[in-house]
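Coordinate analysis (summary)
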Amino acid sequence: MILRRIEKYLRDHAMAPTRFGRTVANDPRLVFDMRRGREPTARMAARIEAFLDQPQ
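Scope of this entry: the structure provided in the associated data block. (Residues numbered from 1 in each chain as written. Predicted model: local features only at pLDDT ≥ 70, side-chain atom pairs only at ≥ 80, totals over all residues. Heavy atoms only, no water.)

A separate point is helix 1 (residues 2–13). In this model helix 1 runs 16 Å from its N-terminal to its C-terminal C-alpha over 12 residues, within 8% of the 16 Å that 1.5 Å per residue would give. Of the positions making up helix 1, those classed as buried are I2, L3, I6, Y9 and L10. Around the axis of helix 1, the buried residues are gathered within 120° of arc, so they sit on the same side. Among the exposed residues of helix 1, those oriented more than 90 degrees off its buried face are R4 and R11. As for helix 1, its buried residues are in contact with helix 2 (17–25), helix 3 (30–35) and helix 4 (42–53). Within two residues after helix 1, A14 carries a phi angle of roughly 50°, on the positive side. (Helix = DSSP H or I, 4+ residues; strand = E, 2+ residues; numbered from the N terminus. Expected span 1.5 Å × (residues − 1). Buried < 20%, exposed > 50% of the residue type's maximum accessible area, 1.4 Å probe, protein only. Arc of directions from axis to C-beta. Contact = heavy atoms within 4.5 Å.)

Now the structure itself:
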């Protein structure tokens, strides 16, 4: 599940959910909305996955 990957990334990189959302989608509420059940579109999911797959 993509939200699980996001949550792990946030923990591992000590990143705020709002910063993640702004960086990936220009949407500071992205993570909060996903926690409440929002499903990202296929295009948004691809952007998130691409960000998470970048070497850190």
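On to the packing of helix 2 against helix 4, then. Between two packed helices, the angle of one axis relative to the other and the distance separating the axes together describe the packing. As a packed pair, helix 2 and helix 4 sit with axes 10 Å apart at the nearest point and diverge in direction by 110°. The angle between the axes of helix 2 and helix 4 places the two elements in the roughly perpendicular class. Facing helix 2, whose interface residues are F20, T23, V24 and A25, helix 4 presents M44, R47, I48, F51 and L52. Partitioning the contact of helix 2 with helix 4 into residue classes produces seven nonpolar, one polar and one charged. (Axes fitted to C-alpha atoms, helices over the stretch in contact; angles between N-to-C directions. Parallel < 35°, antiparallel > 145°, perpendicular 65-115°, else oblique. Nonpolar A, V, L, I, M, F, W, Y, C, P; charged D, E, K, R; others polar.)

With that out of the way, let us pick up the nonpolar core. With 17 residues, the main nonpolar core has I6, F20, M34, I48 and L52 as its most contacted residues. Of all elements in the fold, only helix 1, helix 2, helix 3 and helix 4 reach the threshold of two or more residues within this core. Residues in contact with F20, not counting those within four places in the same chain, are I6, Y9, L10, M15, L30, V31, I48, F51 and L52. (Core = buried A, V, L, I, M, F, W, Y, C linked by side-chain atoms within 4.5 Å.)

Another point: the pattern of salt bridges. The full count for this structure, using the stated rule, is eight salt bridges. A salt bridge links R5 to D53, with the nearest nitrogen and oxygen atoms 2.9 Å apart. Remark: D53 occurs in helix 4 and R5 occurs in helix 1; sequence separation between them is 48 residues. Through salt bridges with shared partners, a single ionic network connects D27, R29, D33, R36 and R38. (Salt bridge = Lys/Arg side-chain N within 4 Å of Asp/Glu carboxyl O.)

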